[in-house]
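Listed below, chain by chain, are the residues.
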There are 2 protein chains.
Amino acid sequence: MKYVYKFSEGSGSMRELLGGKGANLAEMVNLGLPVPQGFTVTTEACTRYYQDGEFITPDIRDQVMEYLAWLEQDSSKSFGGAGNPLLVSVRSGSRASMPGMMDTILNLGMNDAVVEGMCKLTGNPRFVYDSYRRFIMMFSDVVMDLPRHEFEVIIDKMKEKKNVQLDTELDTDDMKELVALFKDFYQKSKGAGFPQEPREQLMASVEAVFRSWNNNRAIVYRRENDIPSSWGTAVNVQSMVFGNMGDDSGTGVAFSRNPSTGEPKLYGEFLMNAQGEDVVAGIRTPQEIDQLRGIMPEVYDQFTSIVAKLESHYKDMQDMEFTIERGKLYMLQTRNGKRTAQAALQIAIDMVGEGIWSKEDALLKVDPKQLDALLHPTFEPKAIKEAVPAAKGLPASPGAACGRVYFTADAAKEEAKNGPVLLARKETSPEDIEGMIAARGILTARGGMTSHAAVVARGMGTCCVAGCGDCIIHEDGGYLMIGDTRINAGDFMSIDGTTGNVYIGSIPTVEAEITGNFNIFMAWTDEVRTMKVRANADTPQDAAQAIAFGAEGIGLTRTEHMFFEADRIGPMREMILSKGEEERRKALDRLLPMQVKDFEGIFTAMGARPVTIRLLDPPLHEFLPQRAEDIKSLAADMGISEQTLKDRIDSLHEFNPMMGHRGCRLAVSYPEIAEMQARAIIRAAVNVKRATGTDIVPEIMIPLIGDVNEMKFVKGIVQKAAEEELAGFALKYMIGTMIEIPRAALIADEIAKEAEFFSFGTNDLTQMTFGFSRDDAGAFLDDYYNRKIYENDPFARLDQTGVGQLVKTACDLGRKGRPGIKLGICGEHGGDPSSIEFFFGCGLDYVSCSPFRVPIARLAAAQAKIKSKG
Amino acid sequence: MKYVYKFSEGSGSMRELLGGKGANLAEMVNLGLPVPQGFTVTTEACTRYYQDGEFITPDIRDQVMEYLAWLEQDSSKSFGGAGNPLLVSVRSGSRASMPGMMDTILNLGMNDAVVEGMCKLTGNPRFVYDSYRRFIMMFSDVVMDLPRHEFEVIIDKMKEKKNVQLDTELDTDDMKELVALFKDFYQKSKGAGFPQEPREQLMASVEAVFRSWNNNRAIVYRRENDIPSSWGTAVNVQSMVFGNMGDDSGTGVAFSRNPSTGEPKLYGEFLMNAQGEDVVAGIRTPQEIDQLRGIMPEVYDQFTSIVAKLESHYKDMQDMEFTIERGKLYMLQTRNGKRTAQAALQIAIDMVGEGIWSKEDALLKVDPKQLDALLHPTFEPKAIKEAVPAAKGLPASPGAACGRVYFTADAAKEEAKNGPVLLARKETSPEDIEGMIAARGILTARGGMTSHAAVVARGMGTCCVAGCGDCIIHEDGGYLMIGDTRINAGDFMSIDGTTGNVYIGSIPTVEAEITGNFNIFMAWTDEVRTMKVRANADTPQDAAQAIAFGAEGIGLTRTEHMFFEADRIGPMREMILSKGEEERRKALDRLLPMQVKDFEGIFTAMGARPVTIRLLDPPLHEFLPQRAEDIKSLAADMGISEQTLKDRIDSLHEFNPMMGHRGCRLAVSYPEIAEMQARAIIRAAVNVKRATGTDIVPEIMIPLIGDVNEMKFVKGIVQKAAEEELAGFALKYMIGTMIEIPRAALIADEIAKEAEFFSFGTNDLTQMTFGFSRDDAGAFLDDYYNRKIYENDPFARLDQTGVGQLVKTACDLGRKGRPGIKLGICGEHGGDPSSIEFFFGCGLDYVSCSPFRVPIARLAAAQAKIKSKG
């Protein structure tokens, strides 16, 4: 088995084996570009390393040594030799670019003897000792797990002693002393001297790269970017070239186009007489790449022609590293450049305009998730890079927000007049709505992705972190605790609803901005896409927002939130607490005209687009009052004693409300509720059709079906009410169900005989299939990631193995039971690109997601279509 | 389509079509026995009736009329004719005997004109008017839904007026007046006269029988006896013969063997000059059947020879009805007789002894569920027949109990010295244990089948009704409310843990008694059975009980209840609330020796029988204190403030604990808990093996696995701890998992690669597959039965369509992943006969159930085996 490749043995197509960096180095060598020679240890070696119990077997070590010998020969240098020493850099490089992994180690191969030799060779001992102390520090930190901080303390003491500010002000002797101090510290910490054997340094570094594949940052990054842990990383070993050999040397990074704006113009910076890390370290201010033309015109021309060659070869914007050693240009790396969402669109449109990409190419080049940044405020990239989260909750509604935090809706509303505020509550209730509207972001300690806070926030497009159990919120006391840190009302906090991160203090945000490019690009997605995209929308405002983002219908209107509004919650509560059907019908009669108005609003907003309305779903006790004063006033309204009311509320208590009396089970117990809703839907549709002439197509959706008899029963009630309302008026409506109970998926053929459409409720389906509730899983999912049991949050990305199996089964059985049955999905996965690709594969007719995810879904659906043709 | 059969056209094998009663009447006719002629309307006609929207179509009506004409001709009488009128009885008769259905209607065909004719014919107007008033009352009640009570009021007034006690004391004129009053009442209530057209009476009665198939009592009975609603009922129309035609007439019921004791001797009673209902009405005291020999020796001899013929023909104890009309014997019905559990065993053993049954026949003849009555107290049959349940909860632990109710454990314990008590609590906690031991029965308002009360009660064999939400218990006030009825401490209540029924007042109970017959019979089950039967047992006492009932191993030891004991709950709580691993390990170190002792006790009791021990399963907050004083004292013990403790308890709160941080998820978060338990299991096994030389075979079971990586991770921890404990000592142990999460069933092939055995946790699997929690489903399951959506409680009887599909899938995949993998089931379905038959069909190696259900499971497993050979 071949585990090591020279760059010249590889190619750009060998990404899986050589990693991105290795494949691109090989490709550049093949293109005849000036690349320092080297070799790549393959990703398969990494996989072997883990299979063998985190151990590099002798056969792999032997191959590394063999290629090292070749590199010595090729460069006419000797690794560890004092005469003409070969130094190398060691870098990780996985298939996908992964910033979470091991840092580069430069100058590897140095030891006391080599240092002596180099001093003679270069005549520049300060440079040599500077390089050595850098190497000792990098190696100790990255490979040997010694705290970097300790080395920095040693440097700081030295600078204090010498009374200087910058490292560059330290002289050769200082550097020599630093080397000695570093080695002492190493000896003390490790009980052994700093490794003097370069081959030992090399193998330890290779192993450190392998290990870094499974460090926490890498795992988190993989999870967020859907990268499987089975891929492994490659290791690149490359001859060092030195940009710090004098004024005819230098180093820099450049992009073939502007990565922030997409402007089609070389963009980058460089430093003369410097090594790689100096460019980013900020010790000296780098120069703009244009200025290189004046300094070294030939090198500049050579570089620009290489850039052009690389971009047209890779057909994408390139992110490159280069070094100039004594006037000679070396390319150290190239890769497709990361870019902001704005830049991504600009580049896509330019590339299509330049004839380099087809529209389909362009569509594949933009990451759907990136579009989020165009729709929501985000943190300033630099500021967030330095910020450390203090706690983590559920990413309940995307975007970033920063403001003074308040713990009551009233305070939030009041203080919002003076500047941005965040509202933090144990959990929110309908009474908090004004404070929620006033707040830039909402933080709750309890509640999940479908809690009041989460759903309301997503509907408004307001950033929300929900269920952040690390925050102990004392609403009455007006403060919250994160660990031992106390945050008072009025203190600054920042929250990120895209990641769930919570920060103490202020992090500046960047506002979202939709440009013309966005609309051009999104129109392309629609040209390609065959799967429809709908939105989950509960109000006419949501519906309008959804249409603005390109939704082709509503896949889910939850009717429950309508009942939380001030004028409805009263009759709703009386309905729930009524003693029998008669009393209940009286309360329902008061709700009916309000529901009719709700649906008229939505139908009017949506016009002829299909609208799926779900019958009442949550357990009824969610609507009941909890505060003593609310109970008191409701008891008075109902003319019963507080104790009687409390007893009734108590009797509605459930142990596991998620698995309790909800969904179609409510319609089974209280058919009159489903009847009222069916009436309201049909009456509203008739009214709007009469008023506007538009053909309204309501799709009435019965939730939580698990048995065909349930479906028959509830359908019967809905149908009867609908026909009575229509009284012969011509209006087409459909009755279907959600598939969100595992049993429903298993008997979908039977259910399809009664249901005109299926909509997969993958939130609940995931909960039931995994047997854990989303609201509670936060307590242990991190342990699952840390132990590498799960790689992804199954609520964010559909579990294709288990839940997906049920989805597929239900699609197949559903079509068997009713050929051509309409299939859709309205769970949160409807806005997740990888899940959308899966749903496309299952042949769903549409996906439905929250309005702000509609653009993402449109792009993902287009990509799925394009990929399916490949 | 033929919907009506003469008795002579049918046979005993046509049960499905003609119902049990109809098929047996046909069979008796075929045997040449004296049976009044008649015909049967088939079960298919009933099914048609429902298919046609509860309507009897003309084709069926025509066939009934055709056969009626034949019956007139055959009897030379005329239906509705005054000259020689034909009267008939109408009775329901389904495939299985169903007491919940329509009562018999006698004397149908009477009207004013017929009455006149009969008076002339019999010369006995009192008898005729007595028959007429009976008919009006029966028809009005059963067919026309008029309240029977109103008729009784009219009779009572009449008796008051005449100043007599008994109906028999009323004379002809009184009877005439009653008929007139009855007809008036009918006219007033229905707005029309009592139907005078006999054919109308007949068709209305046929329809009433069909309707009665779906009345509530019938639905409940079907559910409890696994009878599908699709079967429908037949209707038998038979010429009336009269036992009340004088002193040479009579009527009676008899059993070919004693149905209470099984004694092989004719048993029954009769009344001369009486009609059927008089025998049961208790107006006159019936005579014992033997006495008939003295009165009518020829008829008696004829009857005993018919009895012998019928028993040997049906090869089972017969329950017969007969009438003597003017010295001529008529057989009206025969069927296999219902019998007590004691009688069932006696008859089985006698029948085998008599060479009538093989042992296998005998095994099939006893209903496994009946065995329960031998193991637990039951209510006196007569007393319970008259009792009306006041409320219904979950049947958490079988048996019946009656006593004075108390609302605190202390009171129950104290008062138990003076007589039997029931303990009623909102929910029980470990602090209540002494009161629970003292009580005859336990009633809780909250909590499900796996609540503390339920599990502890089942273990002790104490009757328990759990989660009875209709009981509003005021523990402090010392009373409970059922609706508007208040029951004070010290009042009598009765509860039935087999049905979940709760009664106000005292209902006498009968103690359980195990006889030699039981052991003989159970030994036969073991001769036949191939599937093993184990018990769920958490303590050495449970284990001993299980062995006494014939368990061949333990299929489930729940370790959690061990931690509720007084000496453990302290360290357990400290463990749960500890700040980090170190603190947690300290508390675990204190628990370890106690767990070792627990397991030593169980291993010692079980010897070489396999013992499956499940690692800690419930969410940790179940162990935490709730009462203010307990929190206070725990905070003091732990040296932290009450507020800090409350905050920590609060942070462990879960929305849906059933789907929360429990099962193997605990082991993922806190591997040290699984490690401690694995150590304790292995250490105990080693100790017992060393001490006794017996080969102990622990099976370590990891609960709630949903992903193969979870299994790998937790298995790794268990294995490491086990190997360390063994330190080379030779002891075989197995590591397996429960299959209780739908996802686990879907990927069982992968999981089987890591698991040495599967045990199906069908309780949780049912919950997740249906998406409702057992603890909460009580609130709506009754609605599901009433609306005919479900026929069975899926927690009592395995849902073979949905959940069973997952069980089968998991068995198939499991064997694919690991050929010969050991398969068992430890959910409550392991004690349910129909589910056991299903599991046998899946090829499970064993079923495991609570100790008191082991005999049932042994018999059911034997039956499954016998049936599989047929």
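Predicted, not measured: the structure shown is a model, and the values here were computed from it.

Let us now look at the overall build of chain A. When helices and strands are tallied, chain A shows 35 helices and 31 strands. A compact globule built from 870 residues should have a C-alpha radius of gyration of about 29 Å, and chain A, at 32 Å, falls within 12% of that. Across its three principal directions, the C-alpha atoms of chain A cover 100 × 60 × 50 Å. Every one of the 870 residues in chain A was classed for burial, and the buried ones make up 59%. Considering only contacts within chain A whose residues lie at least 6 apart along the sequence, 68% involve residues at least 24 apart. Carbon and sulfur atoms form 48% of the exposed surface of chain A, whose accessible area is close to 33,000 Å². For chain A, the centre of its 97 positive side-chain charges and the centre of its 122 negative side-chain charges are spaced 3 Å apart.

What follows covers the interface of chain B and chain A. Counting from both sides, the interface comprises 53 residues of chain B and, opposite them, 54 residues of chain A. A buried area of about 4,800 Å², summed over both sides, lies between chain B and chain A, and 57% of it is on carbon and sulfur atoms. Of all residues in chain B, the largest losses of buried area upon contact with chain A belong to Phe655, Met659 and Arg743 of chain B, amounting jointly to 15% of the total for that side. The interface formed by chain B and chain A includes four salt bridges.

Next up on the list: the environment of Pro195 of chain A. All names here are of chain A. By secondary structure assignment, the location of Pro195 is in the loop between helix 7 (172-190) and helix 8 (198-212). For Pro195 and Ile136, which are 59 residues apart along the polypeptide, the C-alpha to C-alpha distance reads 9.4 Å. Those residues in contact with Pro195 that sit more than four places away from it in its chain are Phe139, Tyr186, Glu200 and Gln201.

Here we come to the packing of aromatic side chains. Tallied over the entire structure, the rule returns 50 aromatic pairs over all chains. Their ring planes at 80° and their centres at 5.1 Å tell us that Tyr49 of chain B and Tyr50 of chain B sit as a pair that is edge-to-face. Residue classification places Tyr50 of chain B among the partly exposed residues on the basis of a relative accessible area of 23%. Ring geometry for Phe379 of chain B versus Tyr503 of chain B: centroids 5.7 Å apart, planes at 85°, classification edge-to-face. Placement of the pair is Phe379 of chain B in strand 11 (residues 378-379) and Tyr503 of chain B in strand 22 (residues 501-504), with a sequence separation of 124 residues. Here Phe379 of chain B and Tyr503 of chain B have matching classes, each one buried. A connected cluster of aromatic rings, assembled from ring pairs, spans Phe770, Phe772, Phe780, Tyr784, Tyr790 and Phe795 of chain A.

Moving on, we get to the pairing of strand 19 (residues 479-482) of chain B. Residues and elements named next belong to chain B. Judged from the four bridges that link them, strand 18 (residues 471-474) and strand 19 form a sheet pairing that is antiparallel. Counted as the bridge partner of Cys471 is Ile482 from strand 19. Following strand 18, the chain reverses through four residues before pairing antiparallel with strand 19; Gly478 in that reversal takes a positive phi of roughly 75°. In the sheet, strand 19 pairs with strand 20 (residues 485-488) via four bridges, with the strands oriented antiparallel. Bridging from a neighbouring strand, Met481 pairs with Arg486 of strand 20. Between strand 19 and strand 20, which pair antiparallel and follow one another directly, the connecting turn spans two residues, one of which, Gly483, has a positive phi of 60°.

Let us look at the relation of the copies chain B and chain A. For the pair chain B and chain A, the superposition axis carries a translation of 0.1 Å, the fit reaches an RMSD of 0.1 Å, and the rotation angle comes to 180°. What we have between these two chains is a two-fold relation. Among all residues of chain B, the minimum C-alpha distance to the rotation axis is found for Asn656 of chain B, at 2.2 Å. By residue overlap, the copies meet face to face through one surface: 100% of the interface positions of chain B are interface positions in chain A.

Mapping Leu86 of chain A onto the fold places it in the loop between helix 3 (58-75) and strand 3 (88-94). The sequence separation of Leu86 of chain A and Ala373 of chain A amounts to 287 residues, and the corresponding C-alpha distance is 46 Å.

With that settled, the discussion passes to the side chain of Glu27 of chain A. Residues and elements named next belong to chain A. With respect to the helices and strands, Glu27 occurs in helix 1 (residues 15-30). Arg15 provides the closest opposite charge to the buried, unpaired Glu27, separated from it by 9.4 Å. Discounting chain neighbours no more than four positions away, the residues touching Glu27 are Ser11, Gly12, Ser13, His313 and Tyr314.

This paragraph deals with the nonpolar core. Side chains that are nonpolar tend, in soluble globular proteins, to be buried together. Phe603 of chain A together with Phe603 of chain B are the most contacted members of the largest nonpolar core, which has 294 residues in total. Each residue touching Phe603 of chain A, except ones within four places of it in the same chain, is listed here: Val611, Ile613, Ile681, Ala684, Ala685, Val688, Ile696 and Pro698 of chain A. Counting residues in hydrophobic clusters, the runner-up holds 68 residues, among them Cys46, Phe135, Val142 and Phe194 of chain A.

Residue and element names in this part refer to chain B. One closed barrel holds the eight strands; their spatial order is 24-25-26-27-28-29-30-31, and the pairing between them is parallel. Each strand of the sheet is rotated relative to its neighbour by a mean of 25°, with strand direction disregarded. In this structure, strand 30 (residues 822-825) lies alongside strand 31 (residues 846-849), joined through two bridges in parallel fashion. Of the residues in strand 31, the one forming a bridge with Ile825 is Val847. Helix 23 (residues 581-606) rests against strand 25 (554-558), strand 26 (611-614) and strand 27 (698-702) of the sheet, and its axis sits at about 160° to strand 26.

A few words now on the packing of helix 2 (residues 43-51) of chain B against helix 8 (residues 198-212) of chain B. Residues and elements named next belong to chain B. For the pair helix 2 and helix 8, interaxial distance at closest approach is 10 Å and the crossing angle is 80°. Between helix 2 and helix 8, the angle is such that the two are roughly perpendicular. Counted together, Ala45, Cys46, Tyr49 and Tyr50 of helix 2 and Glu207, Phe210 and Arg211 of helix 8 form the full contact between these two elements. Of the residues belonging to the contact of helix 2 with helix 8, the class tally is five nonpolar, no polar and two charged.

Moving on: unusual backbone geometry. In this model, Asn163 of chain A sits at a positive phi of 55°, which is unusual for a non-glycine residue. Relative to the elements of secondary structure, Asn163 of chain A occurs in the loop between helix 6 (148-162) and helix 7.

When two helices pack together, their arrangement is given by the angle between the helix axes and the distance between those axes. All names here are of chain B. Where helix 6 (residues 148-162) meets helix 7 (residues 172-190), the closest approach of the two axes is 10 Å, and the angle between their N-to-C directions is 145°. In this structure, helix 6 meets helix 7 at a crossing whose hand is right-handed. Contact residues: helix 6 offers Glu150, Phe151, Ile154, Ile155, Met158, Lys161 and Lys162, while helix 7 offers Asp174, Glu177, Leu178, Leu181, Phe182 and Phe185. Of the residues that constitute the contact of helix 6 with helix 7, the class distribution is eight nonpolar, no polar and five charged.

Another aspect to go through is the sheet that holds strand 3 (residues 88-94) of chain B. Residue and element names in this part refer to chain B. Ordered in space as 1-2-5-3-4, the five strands form an open sheet in which the pairing is antiparallel. Either end of the sheet is taken by a strand with one partner, and the two such strands are strand 1 (4-6) and strand 4 (105-108). Between one strand and the next, the sheet's axes are offset by a mean angle of 25°, whatever the strand orientation. Bridge analysis of strand 3 against strand 5 (residues 233-239) gives seven bridges, and the strand direction is antiparallel. Across the sheet, the residue bridging to Gly93 is Ala234, located in strand 5. On the sheet, helix 3 (residues 58-75) packs against strand 1, strand 2 (38-41), strand 3 and strand 5 and is oriented at approximately 170° with respect to strand 2. Against the sheet, helix 8 makes contact with strand 2, strand 3, strand 4 and strand 5, and its axis sits at roughly 145° relative to strand 5, the strand it touches most.

What counts, and where the lines are drawn
Residues numbered from 1 in each chain as written. Chains lettered and ligands numbered in written order. Predicted model: local features only at pLDDT ≥ 70, side-chain atom pairs only at ≥ 80, totals over all residues. Heavy atoms only, no water. Helix = DSSP H or I, 4+ residues; strand = E, 2+ residues; numbered from the N terminus. Rg over C-alpha atoms; globule rule 2.2 N^0.38 Å. Buried < 20%, exposed > 50% of the residue type's maximum accessible area, 1.4 Å probe, protein only. Contact = heavy atoms within 4.5 Å. Areas by Shrake-Rupley, 256 points an atom, 1.4 Å probe, with all protein chains shown as cover. Lys, Arg positive; Asp, Glu negative; His and termini not counted. Charge placed at Lys NZ, Arg CZ, Asp CG, Glu CD. Buried area = accessible area lost by both parts, 1.4 Å probe. Salt bridge = Lys/Arg side-chain N within 4 Å of Asp/Glu carboxyl O. Phe/Tyr/Trp six-rings, centres within 6.5 Å; stacked < 30°, edge-to-face > 60°. Pairing = 2+ DSSP bridges. Least-squares fit on C-alpha atoms with pLDDT ≥ 70 in both. Core = buried A, V, L, I, M, F, W, Y, C linked by side-chain atoms within 4.5 Å. Axes fitted to C-alpha atoms, helices over the stretch in contact; angles between N-to-C directions. Parallel < 35°, antiparallel > 145°, perpendicular 65-115°, else oblique. Nonpolar A, V, L, I, M, F, W, Y, C, P; charged D, E, K, R; others polar. Left-handed = near helix turned anticlockwise from the far one by under 90°.

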